[in-house]
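So the chains spell out like this:
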Amino acid sequence: MTDPLIEVSGVTFAYPLPGGGRTIALSDVSMSIREGEFLAVIGHNGSGKSTLAKLFNGLLIPGRGEVRVAGMSTRDTSLHRAIRQVVGVVFQDPEDQIVATLVEEDVAFGPENLGLPRDEVRRRVEASLAAVEVEELRLRPPHQLSGGQKQRVAIAGVLAMQPRCVVLDESTAMLDPEGRREVLAVTRRLHRAGTTIVLVTHFMSEAALAERTVVLSEGRIELDGPPREVFGKRDRLRELDLDVPPVTALAERGRAAGVEIRGLPLTIDEFVSALP
Amino acid sequence: MDEFDFARNVTVGQYVPGRSVVHRLDPRAKLGGFIIVLAAIITSDSYIGNAVGLAAAIGIVVLAGIPVGYVLSGVKPIIPILVVFTVFNFLFLGNYDPTGSAVLWRQPVALGPYEFNFTVTESSMKQTVQGVVRIIALIVLTSILTLTTTITGLAKAIELLLSPFRVIKVPGHEAAMILAIAYRFVPTIADELERLMKAQASRGADFGKPGRLRFIQRAKQMIPITVPLFVGAFRRAERLIMAMESRCYIGGHGRTPISLPALRRMDWAALASATVFTLAVWNFPWPL
Amino acid sequence: MSEPIVQVSGLWHWYLRGTPLQTVALQGIDLEIQSDDLAAIMGHTGSGKSTLVQHFNGLLRPHRGSVRVFGSDLSDPKLDVRPLRRRVGLVFQQPEMQLFDPTVGDDIAFGPRQLGCTPEDVRRRVRTAMERVGLGFEDFKDRYTFGLSGGEMRRVALAGVLALEPQLLVLDEPTAGLDPRGRRQLLDSLRAIHADGGMALVIVSHDMDVVGEMARRVFVLAGGKTVMRGGVREVFSRVEELRELGLGIPQVSELAYELRKAGRDVRADVLTADELAEALWTSSTSPAT
């Protein structure tokens, strides 16, 4: 069994409050992420999920405990450059990730920061633009792009670092349905190509796409398992003021009404075929 | 009718693509030329010299294939400032003339117990007129620079021109970065400003009629705009920093060096013409 | 049938009209809102929906065609739009970004104070508005605005508009960026506000689930034109048309549609999970009972 790509051990993290004192965002959290996994982290705002995302690449350092990325501890700031080439993070606001005035320049920003030679920068930019299908937008200024396009450009900028893992911190929350579809399609493609994906979201239907679901509540991990297993625990989820994908909820009602429904459908297609 | 439509009269900072000679010049040549020609206009002490400088600036606009009217409309927003400048200098500057030039007009004024003079001397008149011409020329030249050069080009030019001074700690890369990021966010913040004004207007906020001079009251009225704009800007900056750090940005050190193609004959020719022009304007014995 | 409070006929509007960057935003919109309406305006980003609703309180004026709000004709250049802004409350996207006063109560009081209300009236309005959005008056009125959570700040912003006591409330993407809990709270508040009476509600959104949950009537905008209009069930039953426009339908309705395509006998206008469950399973009596 190979070492995990990301290892979180006994991590506690607290934010300072304006009037003094602190609020605890994560409390003694431990988990590991294996290479190639597609993991969804779900929870309410305030559950600690965004804090966790920022701990994965050393933007935040745990108060207690440790986060190791490919064996490197995020406490060691001299390793941050290496760590951020293993784990890339795409954030929630499509606007505030794009730094340059043209799309292709922004995608080049990461490789340029690494001091790579010009032709290597160019190669990576080409590959990244193609991976998210924004080649025809390469000379556009960011403010002319739609939300979905901007997020794809942000993803391209992260891909240009050639990370082994991409963390999407609520990256679809501010997009319209079309933008969300675009970003999720790119995410699935990346995963199929071997990239480890961590999808931080509060949309249950997005979590249903993953192979593994981790449920966070008030800074602690409450549930951890395949979506079918986690969404089967509806009562527990209700206690946490969360729910299951609408399709799954409906299947439960059917089952309660005595209908024979095979398995636990998570998507519309599964539901349609699960009915007797 | 469209009280919230801002985008119209700003010509400084807009890039208009084109294939003119001016567009195709290297940004370093343009930046250098800009500074040289500006020097001619700002330091020349003769009326005709200034007029020639302004005419040259307008000539470059024509050469770039951009409508002169469009560039001059960029002067419109500052006309109120120019008017105030002209009136005040015209009336009062003559009282402080160190050169002792001839007085062209004097009008004593009595306001209650206070007595003072409106005075126009040859020198104060010249300074007033030249001031206006120089401001207009500055706007025209800056517009032409930004209308024909992409911000990327300008930022690279600044970074390259300042890079030899890195040894004395001149932050060329940082300056270029600040310029580029500020420029990139101008449309975003303009949209946000428009949305803020509309949102506050929808709550009954009244931003007053233009031209009111009660500054303190005006500033207070703008708080529903300025506070959210600043708070928003700081939040935006925080998010941007996180995104930049996540992509390993640590400043200019160790970055892939930016490059521009070598200067061509036409770039050197442009710089040379600018230099010759400026020297001519300085040394020509203008009658006025 | 009483006079509609908003009457839009043949409305055209251009962005940056008169400049080289001019583009058409609205191309002949027809729409009306009644005094007790619960309507939604749906469409993509760029369909013109935000431009449309900004005419309702006079932020924008018609370039062609007419817009009448509470009887006032917005084409009249002499019309003073400020009284309109107390009758039509417009809540923009992410309204929490417009908060500026460090004290919650004072920020909400801004609108009423601008209207020239007496201090007692201001206090009453602030209290009522806060209660309507679920922020306890005593608990929150002295809190530091920028220290609240995103969901709380949004409710403060909404209260700020409600304090004007408008007769028409227009909300642009009210649930954008909220987590499921915040979304539920907000929609519950809006439903209660409408049920109280005296206010028409117009929700502008591209979120089909919100529209399906809240609206009774729907207008669909695409490319600056009204391409569909009608009762919410009727519009959402036209699945193929909506898909062609790149829009979707509420998840439950989509499930019903796919079931019908697979040959199941499910009615065409399902909107809620309850309805779908009923349609699927009341006919088959449970063997357990």
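Our structure's up above, just so we're on the same page.
First, a word on scope: everything that follows refers to the structure included in this document. (Residues numbered from 1 in each chain as written. Chains lettered and ligands numbered in written order. Predicted model: local features only at pLDDT ≥ 70, side-chain atom pairs only at ≥ 80, totals over all residues.)

## Re the overall build of chain B
As a reminder of what qualifies: For helices the rule is a DSSP run of H or I covering at least 4 residues; for strands it is a run of E covering at least 2, with both sets numbered from the N terminus onward. We call two residues in contact whenever the C-beta atoms placed from their backbones are within 7 Å.
Check the secondary structure of chain B and you find eleven helices and two strands. Its helices and strands taken in sequence order, chain B reads α-α-α-α-α-β-β-α-α-α-α-α-α from the N to the C terminus. Here the C-alpha coordinates of chain B stretch approximately 70 × 60 × 40 Å along the principal axes. In chain B, of all internal contacts separated by at least 6 residues, the share reaching a separation of at least 24 is 77%.

## With respect to the overall build of chain A
Quick note on the threshold: For the radius of gyration, the atom set is restricted to C-alpha positions; the globular benchmark scales as 2.2 Å times the number of residues to the power 0.38. Exposure classes come from backbone-placed C-beta atoms, where a residue is buried if 20 or more other C-beta atoms lie within 10 Å of its own, exposed if 12 or fewer do, and partly exposed in between.
Within chain A one finds eleven helices and ten strands. Compactness check: chain A gives a C-alpha radius of gyration of 20 Å against a globular reference of 19 Å for 276 residues, within 12% of the reference. Summarising its shape, the C-alpha atoms of chain A cover approximately 65 × 45 × 45 Å along the three principal directions. Across the 276 residues that make up chain A, the buried fraction comes to 52%. Taking as baseline every contact in chain A between residues at least 6 positions apart, the subset at least 24 positions apart corresponds to 62%.

## Points about the interface of chain A and chain B
Note the following rule: Classification used: nonpolar for Ala, Val, Leu, Ile, Met, Phe, Trp, Tyr, Cys and Pro, charged for Asp, Glu, Lys and Arg, polar for all others including Gly.
Facing the 29 residues of chain A at the interface are 23 residues of chain B. Put simply, the parts of the chain that give the side of chain A that touches chain B at least two residues each are strand S6 (87-90), helix H3 (103-113) and helix H4 (118-131) of chain A. Considering only residue class, the side of chain A that touches chain B consists of twelve nonpolar, nine polar and eight charged.

## Observations concerning the interface of chain C and chain A
Facing the 31 residues of chain C at the interface are 25 residues of chain A. Of all the secondary-structure elements, those providing two or more residues to the side of chain C that touches chain A are helix H6 (150-162), helix H7 (180-196), helix H11 (251-261) and helix H12 (273-281) of chain C. A total of six residues in the side of chain C that touches chain A trace back to one element, the largest contributor, which is H11 of chain C. Looking at the side of chain C that touches chain A residue by residue, the class counts come to 13 nonpolar, 14 polar and four charged.

## A word on the packing of helix H10 (residues 246-256) of chain A against H12 of chain C
Our working rule: Under this scheme, a helix contributes an axis fitted over its contacting stretch, all axes are lines through C-alpha atoms, and angles between N-to-C directions fall in the 0 to 180 degree range. Each angle receives one of four descriptions, namely roughly parallel if under 35 degrees, roughly antiparallel if over 145, roughly perpendicular if within 65 to 115, and oblique otherwise. Crossing handedness is read from the near helix: turned anticlockwise from the far helix by less than a right angle, it gives a left-handed crossing, and turned clockwise, a right-handed one.
Packing of H10 of chain A against H12 of chain C leaves a shortest axis separation of 10 Å and a crossing angle of 40°. Relative to H12 of chain C, the element H10 of chain A is oriented oblique. Judged by the sense of rotation from one axis to the other, the crossing of H10 of chain A with H12 of chain C is right-handed. Here H10 of chain A contributes Pro246, Ala249, Leu250, Arg253 and Gly254 of chain A to the contact with H12 of chain C, which in turn contributes Ala273, Leu276, Ala277, Leu280 and Trp281 of chain C. Residue composition of the contact of H10 of chain A with H12 of chain C, grouped by class: eight nonpolar, one polar and one charged.

## Things to note about the sheet that holds strand S1 (residues 6-16) of chain A
Residues and elements named next belong to chain A. Selection criterion: Two strands make a pair as long as DSSP finds a minimum of two bridges between them.
On the basis of which strands lie adjacent, the open sheet formed by four strands has the order S2-S1-S4-S5 and antiparallel pairing. Strands at the two margins of the open sheet, each flanked by one partner only, are strand S2 (22-33) and strand S5 (72-73). Relative to S2, S1 is paired through eight bridges, and the arrangement is antiparallel. The residue of S2 that forms the bridge with Val11 is Val29.

## Comments concerning the packing of helix H2 (residues 27-43) of chain B against helix H7 (residues 151-162) of chain B
All names here are of chain B. Packing of H2 against H7 leaves a shortest axis separation of 8 Å and a crossing angle of 75°. Taken together, the axes of H2 and H7 are roughly perpendicular relative to one another. Each of Pro27, Arg28 and Leu31 in H2 lies in contact with H7, whose residues at this interface are Gly153, Leu154, Lys156, Ala157, Leu160 and Leu161. Looking at the contact of H2 with H7 residue by residue, the class counts come to six nonpolar, one polar and two charged.

## Overview of the nonpolar core
Under the convention used in this document: For our purposes the nonpolar core covers buried Ala, Val, Leu, Ile, Met, Phe, Trp, Tyr and Cys residues that link as a set through C-beta atoms within 7 Å.
Membership of the largest hydrophobic core comes to 183 residues, with the highest contact counts inside it found for Phe56 of chain A together with Leu168, Val170 and Val202 of chain C. Counting 24 residues, the second largest nonpolar core, distinct from the first, contains Ala29, Leu38, Ala40 and Val281 of chain B.

## A few points about unusual backbone geometry
Residues and elements named next belong to chain A. Although it is not a glycine, Glu218 adopts a positive phi angle of roughly 50°. Along the chain, Glu218 falls in the loop between strand S9 (212-217) and strand S10 (220-225). The backbone phi angle of Asp241 is positive, close to 65°, even though this residue is not glycine. Tracing the backbone shows Asp241 in the loop between helix H9 (234-239) and H10.

## Digging into the sheet that holds strand S8 (residues 200-205) of chain C
In any sheet, the strands associate via hydrogen bonds between backbone groups, in a parallel or an antiparallel arrangement. All names here are of chain C. The six strands lie next to each other as S6-S7-S8-S3-S9-S10, forming an open sheet whose pairing is mixed. In the strand order of this sheet, the two ends are held by strand S6 (88-91) and strand S10 (225-231), each with one partner. Ignoring which end each strand starts from, the neighbouring axes of this sheet average 15° apart. As paired strands, strand S3 (residues 38-42) and strand S9 (residues 217-222) are joined by four bridges and run parallel to one another. Looking at the pairing, Met42 lines up with Val220 of S9.

From the geometry alone we can't say anything about function, so treat these as descriptive.
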